[in-house]
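Residues per chain, in single letters:
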Amino acid sequence: MSTPMATPSLSERLDVAHLGLRTARRLRRRRYAVVTSALTAAVLALTFAALTAGPGDFTVAEVLQAIFSADPGRADFTVNEVRLPRFLLGVLVGIAFALAGALFQSVLRNPLASPDIVGVSQGASAGAVAALLGAGVTGVPVSLAALGGGLAVGVVLYAVAWRGGLTGHRFVLAGIGVAYVCAAVVGYLLTRSDVDQAQTALQWLAGSLSQNTWPLVSVLAVALLMLVPLVALVARPLQTLTLGDDQAAGLGARPELSRFAVIALGVALASVATAAAGPVAFVAFVSAPVARRMLGDGRLALLPAALVGVVMVVGADLVAQFLLPADLRVPTGVVTGVVGGPYLIWLLATGRRRAES
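Residues numbered from 1 in each chain as written. Predicted model: local features only at pLDDT ≥ 70, side-chain atom pairs only at ≥ 80, totals over all residues. Heavy atoms only, no water.

Comments concerning the overall build of the protein
Keep this limit in mind: The helix count covers DSSP runs of H or I at least four residues long, the strand count covers runs of E at least two residues long, and both are numbered beginning at the N terminus. We call a residue buried when its accessible area falls under 20% of the maximum for its residue type, exposed when it is over 50%, and partly exposed in between, using a 1.4 Å probe and counting protein chains only. Residue contacts are counted whenever heavy atoms from the two residues lie within 4.5 Å of one another. Each accessible area is a Shrake-Rupley estimate made with a 1.4 Å probe; only the visible protein chains count as cover when residues are assessed.
Scanning the protein from terminus to terminus reveals 14 helices and zero strands. For the protein, the sequential pattern of α-helices and β-strands runs α-α-α-α-α-α-α-α-α-α-α-α-α-α. Put simply, the protein has 357 residues, and 46% of those count as buried. Counted over contacts in the protein with a minimum sequence separation of 6, partners at least 24 positions apart contribute 75%. Here the protein has roughly 18100 Å² of accessible surface; of this, 68% comes from carbon and sulfur atoms.

What follows is the structure, encoded as structure tokens:
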């Protein structure tokens, strides 16, 4: 006769469950480390390309001498006044847009909720174009006007979408409407300006790193030094919000206050990035979903998202500068738009298939 198998005790079942949980956590940490390392390696490779590619035929030693040595060499001006500030501007803009998109999409739980979809970037653009074409100013006042326009749109969106609480779909719908209004304002200003002014505004509206001056890089760096630590502070409450308001409140979080803080940070990040380089298309929209897909789960991944944003902006800028024929060179935002547009179509198509299945 066969002996009946003994039923595992409760403690044995708990031990098996704990072992499985520890294994899953270890695999997640390992994948996170691999993805982060791969993205960091990509950033380093782009750093090398951004500082060495282009006219001049400088060696790596000459580039390093120009950056770190007090003795100026033949590469000093090209590297320190042209390539390095442009590269750093791309890094900072990529980080700002990527974090802004990750914050919006996570807190509103909607993959379409990014600054360039809900009107924040368009509001910043309207402010900058009004300063360029209406007031006739350039430089820092344009950046301040863009920052003001983005923040104003954020306030309007929150006020319009608030109905005893804030939901993602209402915020996105309100944002799309505000984006159309801002686009109409920009179109009106362009039609009322002369050709030379309109050309300058269009260059900025396309999203470009060509205004790569050290003062601009410094201002954006200071802004991120203030904003990024705040992003780290709201990361834990934001992760709690993904469980739902009731569960978040049960864990001690204050959902509406946390949501307001996260949206305010996202608006500020998108506004300062737009103020520096214009509305570089789709970086905020694409970075966080790509990072989550690389990690294989839906967790909030701010560092990988920021690295994806850097790779996207700096890589697109290198393509725009060196991989296109001279007569076909375009601003950086055009290249990112070529990447982000198909991704949006793919997202909508796969979302529809999942809804029908």
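Observations concerning a positive patch on the surface
Heads up, the rule is: Residues qualify for a patch when their relative accessible area is over 30% and they have no salt bridge, like charges being joined within 9 Å and the nonpolar side chains of Val, Leu, Ile, Met, Phe, Trp and Tyr within 5 Å. The salt bridge criterion pairs a side-chain nitrogen of Lys or Arg with a carboxyl oxygen of Asp or Glu, the two atoms within 4 Å. Residues scored as charged are limited to Lys and Arg (positive) and Asp and Glu (negative), so that His and the chain ends carry no count. By convention, charge coordinates are those of NZ in Lys, CZ in Arg, CG in Asp, or CD in Glu.
A cluster of basic residues, Arg22, Arg25, Arg26, Arg29 and Arg30, forms a positive patch on the protein surface. Mapped onto the secondary structure, arginine 26 falls in helix H1 (residues 10-52).

Some remarks on the side chain of serine 114
To keep things clear, this is the line we draw: For this analysis, a polar contact is any N or O atom pair within 3.5 Å, provided that within protein one partner can donate a hydrogen and the other can accept it, and provided that sequence-adjacent residues contribute only side-chain to side-chain pairs.
When you line up the elements, serine 114 lands in the loop between helix H3 (76-108) and helix H4 (115-118). Under the relative-accessibility criterion, serine 114 is labelled buried at 0%. Side chain to side chain, serine 114 and aspartate 116 meet in a polar contact 2.4 Å long. Setting aside chain neighbours within four positions, we find serine 114 in contact with Phe104, Gln105, Ala284 and Phe285.

Brief notes about H3
Keep this limit in mind: Expected helix span is given by 1.5 Å per residue-to-residue step, counting one fewer step than there are residues. What we call the bend at a residue is the angle made by axes fitted to the seven residues finishing there and the seven residues starting there.
Helix length check: H3 (33 residues) gives 47 Å between terminal C-alpha atoms against 48 Å at 1.5 Å per residue, within 8%. Of all the bends in H3, the greatest, near 35°, is centred on arginine 83, and the proline proline 85 appears no more than four residues after it. Most of H3 sits inside the fold, with 26 of its 33 residues counted as buried. Residue arginine 109 follows H3 closely and has a positive phi angle near 50°.

Some remarks on the confidence of the model for the protein
Condition: Residue-level confidence of the predictor is what pLDDT reports, using numbers from 0 through 100.
The predicted model of the protein has a mean per-residue pLDDT of 82, with 85% of residues at 70 or higher. Looking over the protein, one finds the lowest element-wise mean pLDDT in helix H10 (residues 245-250), namely 59, and the highest in helix H13 (residues 302-323), namely 92.

Structural notes on the nonpolar core
Where we set the bar: Put simply, a nonpolar core is a bunch of buried Ala, Val, Leu, Ile, Met, Phe, Trp, Tyr and Cys residues held in one set by side-chain atoms that sit within 4.5 Å of each other.
Judged by nonpolar contacts, the single largest core of 93 residues is most densely connected at Phe171, Ile263 and Leu269. For this core, the leading source of residues is H3, giving 14 residues. Apart from the residues lying within four places of it in its own chain, the contact partners of isoleucine 263 are Phe104, Val107, Leu108, Tyr158, Leu166 and Phe171. Val63, Ala66, Val79 and Leu84 belong to the second-largest nonpolar core, a separate cluster that totals seven residues.

Points about unusual backbone geometry
If you check the backbone angles, arginine 109 has positive phi at about 50° while not being a glycine. Although it is not a glycine, phenylalanine 282 sits at a positive phi angle of roughly 70°. As for its position among the elements, phenylalanine 282 is in the loop between helix H11 (255-277) and helix H12 (283-295). Assessed through its relative accessible area of 16%, phenylalanine 282 is described here as buried.

Some points on the packing of H3 against H12
When two helices pack together, you describe them by how their axes are tilted relative to each other and by the distance separating the axes. Rules: Axis definition: a line fitted to C-alpha atoms, limited for helices to the stretch in contact. Angles are taken between N-to-C directions and run from 0 to 180 degrees. For classification, angles of less than 35 degrees are called roughly parallel, those exceeding 145 degrees roughly antiparallel, those between 65 and 115 degrees roughly perpendicular, and all remaining angles oblique.
Contact geometry of H3 with H12 gives a least axis separation of 7 Å together with a crossing angle of 70°. By the angle between their axes, H3 is roughly perpendicular relative to H12. Between H3 and H12, the residues in contact are Gly94, Phe97, Ala98, Gly101, Ala102, Gln105 and Ser106 and Val283, Ala284, Phe285, Ser287, Ala288, Pro289 and Arg292, respectively.

Focus on helix H7 (residues 168-191)
Its 24 residues place the ends of H7 35 Å apart at the C-alpha level, agreeing with the 34 Å of an ideal helix rising 1.5 Å per residue. Where H7 is concerned, the buried positions are Gly168, Phe171, Val172, Ala174, Gly175, Val178, Ala179, Cys182, Val186, Leu189 and Leu190.

Quick word on the environment of alanine 206
Inspection of the secondary structure puts alanine 206 in the loop between helix H8 (195-205) and helix H9 (214-241). The class of alanine 206 is partly exposed, set by a relative accessible area of 22%. Spatially, the C-alpha atom of alanine 206 lies 6.4 Å from that of valine 334, the residues being 128 residues apart in sequence. Ignoring any residue separated from it by four or fewer positions in sequence, one finds alanine 206 in contact with Pro279, Pro331, Gly333 and Val334.

Points about the packing of helix H5 (residues 120-135) against H8
Worth spelling out the cut-off: Left-handed describes a crossing whose near helix is turned anticlockwise from the far helix by less than a right angle; the clockwise case is right-handed. Here the term charged refers only to Asp, Glu, Lys and Arg, the term nonpolar to Ala, Val, Leu, Ile, Met, Phe, Trp, Tyr, Cys and Pro, and the term polar to all other amino acids, Gly among them.
With their axes 10 Å apart at the nearest point, H5 and H8 run at an angle of 155° to one another. With respect to each other, H5 and H8 are oriented roughly antiparallel. The chirality of how H5 crosses H8 is right-handed. Each of Ala124, Ser125, Ala128, Val129, Leu132 and Leu133 in H5 lies in contact with H8, whose residues at this interface are Gln197, Ala198, Thr200, Ala201, Trp204 and Leu205. The residue inventory of the contact of H5 with H8, partitioned by class, reads nine nonpolar, three polar and no charged.

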